Amino acid sequence: IQVLIENKKAHFGADYAAVNEDLAAAIHKIVSKSHIAIDNILSVALWKSSDEAGDNDDGDSTHVDKIEIHQVMLGQSLDFFVQNIDHFKRPGGLLLVIYSCILNQGRDKINKDVQSGGGEAGSSLIYRNLCTSELVCLLLYGNANGNIGAYDMIGNKIESDERVDIGILSMDEKRHGIIVCDRLKRPKYPIYVLHGIDHFTVLFDPT
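Keep in mind the model is a prediction, meaning the values are calculated, not measured.

Peer 1: What is the right way to look at a nonpolar patch on the surface in this model?
Peer 2: On the surface, a nonpolar cluster with roughly 380 Å² of combined accessible area is contributed by Ile67, Ile69, Leu95, Tyr99 and Leu103. When residues of the nonpolar patch are traced back to their parent elements, those giving at least two are strand 2 (67-73) and helix 6 (93-105). The biggest single contributor to the nonpolar patch is helix 6, with 3 residues. By secondary structure assignment, the location of Leu103 is in helix 6.

Peer 1: Would you mind going over the pattern of salt bridges with me for this structure?
Peer 2: Opposite charge on two side chains allows them to pair when their charged atoms are near. This model, assessed by the stated rule, comprises 8 salt bridges. Its salt-bridge partner being Asp113, residue Lys109 comes within 2.6 Å of it at the nearest N-O pair. Here Lys109 and its partner Asp113 are both found in helix 7 (residues 107-116), 4 residues apart, which amounts to about one turn of the helix. Overall, the relative accessible area of 25% leaves Lys109 in the partly exposed class.

Peer 1: Where do I start with the sheet that holds strand 6 (residues 191-195) in this structure?
Peer 2: Two orientations exist for strands paired in a sheet by backbone hydrogen bonds: parallel and antiparallel. Pairing within the open sheet is mixed, and its 3 strands lie in the order 5-6-7. Because the sheet does not close on itself, it has two edges, and the strands there are strand 5 (167-170) and strand 7 (200-204). Averaged over neighbouring strand pairs, the angle between their axes works out to 30° when direction is ignored. For strand 5 and strand 6, the ladder comprises 4 bridges, and the chain directions are parallel. From the neighbouring strand, Ser170 faces strand 6, where its bridge partner is His195. Helix 8 (residues 133-141) rests against strand 5, strand 6 and strand 7 of the sheet, and its axis sits at about 160° to strand 5.

Peer 1: Could you clarify how one ought to interpret unusual backbone geometry in this entry?
Peer 2: Peptide bonds are, in most cases, trans, and in most cases residues other than glycine have a negative phi. Its identity as a non-glycine residue notwithstanding, Lys8 has a phi of 50°, on the positive side. Secondary-structure assignment places Lys8 in the loop between helix 1 (2-6) and helix 2 (20-33). Given the relative accessible area of 71%, Lys8 is considered exposed.

Peer 1: Sorry if this is basic, but what is going on with the environment of Val31 here?
Peer 2: Residue position: Val31 is located in helix 2. Given a relative accessible area of 0%, Val31 falls into the buried group. It is 9.8 Å that separates the C-alpha atoms of Val31 and Gln105, two residues lying 74 residues apart in sequence. Beyond its immediate sequence surroundings of up to four residues, Val31 is in contact with Leu42, Ser43, Phe81, Val97, Ser100, Cys101 and Asn104.

Peer 1: Can you walk me through the packing of aromatic side chains in this structure?
Peer 2: Any two aromatic rings considered together are summarised by their centre-to-centre distance and by the angle between their planes. Scanning the entire structure with this criterion turns up 4 aromatic pairs. Between Phe12 and Tyr16, the ring centres sit 6.2 Å apart and the planes meet at 75°, which makes this aromatic pair edge-to-face. Given a relative accessible area of 14%, Phe12 falls into the buried group. Centroid distance Phe12 to Phe204: 5.9 Å. Interplanar angle 20°. Geometry classified as stacked. Highlighted residues: Phe12 in the loop between helix 1 and helix 2 and Phe204 in strand 7, separated in sequence by 192 residues. Judged by its relative accessible area of 27%, Phe204 is partly exposed. Through pairs of rings, three or more aromatic residues link up here, namely Phe12, Tyr16 and Phe204. The aromatic ring of Tyr141 is capped on one face by Arg183, whose charged end is 6.0 Å from the ring centroid.

Peer 1: How do you make sense of the nonpolar core when you look at a structure like this?
Peer 2: Most often, soluble globular proteins have nonpolar side chains that are buried together. Grouped together as the largest cluster of nonpolar side chains are 24 residues, with contacts concentrated most on Ile27, Val31, Val44, Phe81, Phe88 and Leu138. Counting residues per element, the ones that place at least two in this core are helix 2, strand 1 (41-47), helix 4 (77-83), helix 5 (85-89), helix 6, helix 7 and helix 8. When sequence neighbours within four positions are dropped, the list of residues in contact with Phe81 reads Ala24, Ile27, His28, Val31, Leu42, Val44 and Phe88. Core analysis: the next-biggest nonpolar cluster, separate from the first, contains 14 residues, Val136, Cys137, Cys181 and Val193 among them.

The rules behind the values
Residues numbered from 1 in each chain as written. Predicted model: local features only at pLDDT ≥ 70, side-chain atom pairs only at ≥ 80, totals over all residues. Heavy atoms only, no water. Patch = residues over 30% accessible without salt bridge, like charges linked within 9 Å, V, L, I, M, F, W, Y side chains within 5 Å. Areas by Shrake-Rupley, 256 points an atom, 1.4 Å probe, with all protein chains shown as cover. Salt bridge = Lys/Arg side-chain N within 4 Å of Asp/Glu carboxyl O. Helix = DSSP H or I, 4+ residues; strand = E, 2+ residues; numbered from the N terminus. Buried < 20%, exposed > 50% of the residue type's maximum accessible area, 1.4 Å probe, protein only. Pairing = 2+ DSSP bridges. Axes fitted to C-alpha atoms, helices over the stretch in contact; angles between N-to-C directions. Contact = heavy atoms within 4.5 Å. Phe/Tyr/Trp six-rings, centres within 6.5 Å; stacked < 30°, edge-to-face > 60°. Lys NZ or Arg CZ within 6 Å of the ring centre and 35° of its normal. Core = buried A, V, L, I, M, F, W, Y, C linked by side-chain atoms within 4.5 Å.

In structure tokens, the structure reads:
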């Protein structure tokens, strides 16, 4: 949605059907935010070809459970995502986005970010088949600090002049009294990830 707003799609709205170029641009933006290396190389995970990976047990040759890592120059990376968009559209393609973000952050950086938000180092970004706030923040902001609250672990108010592109609103304000921090309530774009009890949805204004 952010990409469509930025690219000023003339007919963008709730019934807009995104094309491959839109999807590739969105994935490129997500993975690029996770890039922290000093060089201009982006690591991208793709499925191995079915010829190399072999058929799975039920004979489905389209099923691939192995990946290969590609090193792509940042200046050429958008074209790379466009050319390989079929990998991300296959079943399980979202895993490639997650793998790519983790590759570009590195395990040590992710563990440090998780700990800084009050999480446990080495903990999974997915808990009991549910997406954690650490994973949401990694994909949205390129940082695995999952504390979206207005206060840190010792009760100090978190103040920040930083404006994020996409906001977050959470049911935890109502259920547990955990107030979402100010910057996530005032994003740059009118786009919000809505955190329910065990699911996420999206609220946005295309105008």
